[in-house]
Amino acid sequence: RVGGHVDKILLWPLGGMAYVGHSDEPRTDIFVAVCGPATHILLGGAATAALFALGIPWDWSYINPIGRPVPPYWVGYGGYFLINFINMNAMLMAFNLFVPAYPLDGGQLLQALVWARTDHRRGVVVASYTGFAVAVLSLIVSIAVNEALFLGLALFMLYAASLRLMQLDMEEGP
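Residues numbered from 1 in each chain as written. Predicted model: local features only at pLDDT ≥ 70, side-chain atom pairs only at ≥ 80, totals over all residues. Heavy atoms only, no water.

## A short note on the nonpolar core
Core analysis: the largest hydrophobic core is formed by 8 residues, namely Ala47, Leu51, Ile56, Tyr62, Val75, Leu82, Ile83 and Ile86. Where this core is concerned, the elements lending two or more residues are α1 (26–53) and α2 (76–98). The leading source of residues in this core is α2, at 3 residues. When near neighbours in sequence (up to four residues on either side) are disregarded, valine 75 contacts Ile56, Tyr80 and Ile83. (Core = buried A, V, L, I, M, F, W, Y, C linked by side-chain atoms within 4.5 Å. Buried < 20%, exposed > 50% of the residue type's maximum accessible area, 1.4 Å probe, protein only. Helix = DSSP H or I, 4+ residues; strand = E, 2+ residues; numbered from the N terminus. Contact = heavy atoms within 4.5 Å.)

## Some words on helix α4 (residues 120–144)
An ideal rise of 1.5 Å per residue puts 36 Å on 25 residues; α4 measures up with 36 Å between its terminal C-alpha atoms. Taken together, the buried positions of α4 are occupied by His120, Gly123, Val124, Ala127, Ser128, Gly131, Phe132, Val134, Ala135, Ser138, Leu139 and Ser142. Asparagine 146 occupies a position one or two residues after α4 and carries a positive phi of about 60°. (Expected span 1.5 Å × (residues − 1).)

## Topic: the side chain of serine 138
Among the secondary structure elements, serine 138 is positioned in helix α4. On the basis of relative accessible area, serine 138 is assigned to the buried category, the value being 8%. A distance of 2.8 Å separates a polar atom in the side chain of serine 138 from the backbone oxygen of valine 134. Sequence-distant contacts of serine 138, that is, excluding residues within four places in its chain, are made with Phe150, Ala154 and Met157. (Polar contact = N/O pair within 3.5 Å; in protein donor to acceptor, adjacent residues only side chain to side chain.)

## Some remarks on the pattern of salt bridges
Inspection of the entire model under this criterion finds 4 salt bridges. Taking the shortest distance from any N to any O, the salt bridge between arginine 27 and glutamate 25 comes out at 2.7 Å. What makes arginine 27 exposed here is its relative accessible area of 60%. On the basis of relative accessibility, which here comes to 32%, the residue glutamate 25 falls in the partly exposed class. Across the pair arginine 121 and glutamate 172 runs a salt bridge whose closest N-O atoms are separated by 3.7 Å. Here the residue arginine 121 occupies a position in helix α4, and glutamate 172 occupies one in helix α5 (residues 148–172), the gap between them amounting to 51 residues. Using a relative accessible area of 24% as the deciding quantity, one classes arginine 121 as partly exposed. A single salt-bridge network, built from bridges that share partners, covers Arg121, Asp169 and Glu172. (Salt bridge = Lys/Arg side-chain N within 4 Å of Asp/Glu carboxyl O.)

## Thoughts on the confidence of the model for the chain
Confidence in the prediction of the chain, expressed as mean pLDDT, is 87, and 94% of residues score 70 or more. Mean pLDDT per element in the chain: strand β2 (residues 15–21) is the minimum at 71, and α4 is the maximum at 94. (pLDDT = per-residue confidence, 0-100.)

## A closer look at a nonpolar patch on the surface
Taken together, Val6, Ile9, Leu11 and Val20 make up a surface patch of nonpolar side chains, about 420 Å² in accessible area. Here the nonpolar patch takes 3 residues from strand β1 (residues 5–12), the largest share from any one element. Looking at the element boundaries, leucine 11 is found in strand β1. (Patch = residues over 30% accessible without salt bridge, like charges linked within 9 Å, V, L, I, M, F, W, Y side chains within 5 Å. Areas by Shrake-Rupley, 256 points an atom, 1.4 Å probe, with all protein chains shown as cover.)

The structure is reproduced here in structure tokens:
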């Protein structure tokens, strides 16, 4: 138990988001923000164990979040699936934890770290405006490379960051 409460859970094609009531201290928010990407480490570890059980050798390209994994030619469909599953989890963990856009866990972590140094309001404002900047940059990139899924994610980040600022103004006033 870390405190707080869950208001609702949103599931959508790229994952999901839990709308939770904040606890009284940033330490618990940091813990919750890190637990999301930690699940990708657990899933990738289980897939790696299955990979070793199949006798497939390890290669660091399997966890390269930027490049494509290079499986041996003889792995078959099961090995190919596991290698791509490991790569996908490494990519999701890196994106979710290290991109400081507010609705993502990286933005939640930024908000909690700023809150720990200052106050809750400033943490939300810094994380939301950082989320706006990341979302606008993502919009530009998605339009430049003609990527509709990335465009949808950027629009969602804009929406979630603005919603959080409006929620903060309703809770504490402008």
